[in-house]
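So you can see what is in the structure, the chains are spelled out below.
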Amino acid sequence: MTGWSRRRILGAALVAATAPLASAVPLLVSQARAAGAWPFRRGVNTWPWFALTREFPAPRTDYDCPPFQPQRPVPTPADLARLRASGLDFIRLPVDPGPFLAADAGQRAKLMAMLSAAVEAALAADLAVIVNVQANGATHYWNPDRMYSSTAAPEFTRYQVFVGEVAGMLADMAPGRIALEPVNEPPQDCASGLWPEVQAALLSAARGSARKLPLLVTGGCGSMVRGLTALDPAPLADFEPILFTFHFYEPYLFSHQGAPWMREPVYRALNNVPWPASAGTLERTLASVRARMAQDSERSDEAKKAAYEETEKVLKVYFDAQPDRRFIDGYLKQVGDWAEAHDVARERIIMGEFGALRTDARYTAAPNPDRARYIADVRQSAEAFGFAWAFWDLFDGMGMMDDTTRALDPAMVEALGLTMPRA
């Protein structure tokens, strides 16, 4: 038992005067949070607001000015207002730390002001905000390996200082309506002792600047379910108030079919994988894969043959298993069991990312009706277990809003249990 349940949080408040960190959290705030009054229940990620950068190639380690691609979709105040009107109550705001760490003092101050303004815009729309420091793994220098693979990573100290700076900026903006998530999908193995050490150092930096700001903690293994369930929450009690987070994209054969960024060769031509599996057949999906591969002029015939043979194997496993809502429930039950074992109140757990690639002009992926069924199943399962959630994403190939027209996707709105706002 580690003191995360509602009854134990209330009990801890009675001895707040003798606990230095606990005394920084007002009793009424502690009681409200213990009762499940956290403002983060139904959210959406707002990538690429502070992503899609313009870094210079090696050996340079800096960025063009401004560092973010000007054509990237950024939510307007009207967009944020419509998100709130749909029934969402928070955004998760991914922030690439690279441009901030590479900037000189003057440019860094401007970037911090931009970030502050973005948070204020969301708050003005009555949306709570989780700021997530999300390093870009595709960047040649300011990437996760260089910044937080361990506390001895070349740029860990600077990353740690940045986390503290962001925490300090957020500390008094809107108490109780803003939280900080210091890392996105830590790469360390679940069994490694490196991630707990890195996480504790980053949480310490945040707490040094913001004693009351809620902080999100996670497990290793890219914040997957097995990462969270391997996490021992007991040592994290010193960093209260905290929330717990994990990401969910299982089964990847469905959620990431057609994703060109996936390293495994099966995903590139994978398409027409149904959800649930009983909605289609292995033969139909393989026929769609063959048709997609026939259009691929970039890979050699030998590479496509090897990819197809592997695809055939993994799809047979998929259809033999017949995944459906019960498959998702089985995964999320592991989180529920972990919460019960460690006395963690479930309203303190956020499924910080879930989603699936859509079929559109850019991607050939999941059939859109199947995608909607999958999103609905994951969302409903999370809610049934008492977890908050943040859909990935607002824009791009997994989005719920068109990058150009800003029209909300009615199928995604319905799958998320939301309401189409009035125009």
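Here's what I pulled together on the structure shown here. (Residues numbered from 1 in each chain as written. Predicted model: local features only at pLDDT ≥ 70, side-chain atom pairs only at ≥ 80, totals over all residues. Heavy atoms only, no water.)

### Thoughts on the side chain of arginine 299
To be explicit about the condition: Under the scheme used here, helices are H or I runs from DSSP no shorter than 4 residues and strands are E runs no shorter than 2 residues, and both carry numbers assigned from the N terminus. Exposed residues in this analysis have more than 50% of their type's maximum accessible area, buried residues have under 20%, and partly exposed residues fall in between, with area computed by a 1.4 Å probe over protein chains only. By definition in these notes, contact holds between two residues if any of their heavy atoms fall within 4.5 Å.
Within the secondary structure, arginine 299 sits in the loop between α11 (282–294) and α12 (301–321). Arginine 299 gets classed as buried once you look at its relative accessible area, which sits at 15%. Beyond its immediate sequence surroundings of up to four residues, arginine 299 is in contact with Pro265, Arg268, Ala269, Met293, Lys304 and Ala307.

### Considering the side chain of serine 86
Its location among the elements puts serine 86 in helix α3 (residues 77–86). Since its relative accessible area comes to 2%, serine 86 is described here as buried. Contacts of serine 86, omitting those with residues within four sequence positions, involve Leu418, Thr419 and Pro421.

### Notes on unusual backbone geometry
Cis geometry marks the peptide bond from alanine 58 to proline 59, where omega comes out at 15°. With respect to the helices and strands, the residue proline 59 is situated in the loop between β2 (53–55) and β3 (63–68). Following glutamate 240, the chain continues to proline 241 via a peptide bond in cis, the omega torsion being 0°. Residue placement: proline 241 occurs in the loop between α9 (225–229) and β8 (242–248). The residue asparagine 272 is not glycine, and still its phi comes out positive at about 60°. One can find asparagine 272 in the loop between α10 (252–255) and α11. Located in the positive-phi region is aspartate 396, a residue other than glycine, with phi close to 65°. You can see aspartate 396 is positioned in the loop between β10 (388–391) and α15 (410–415). In this structure aspartate 396 comes out as partly exposed when scored by relative accessible area, which is 23%.

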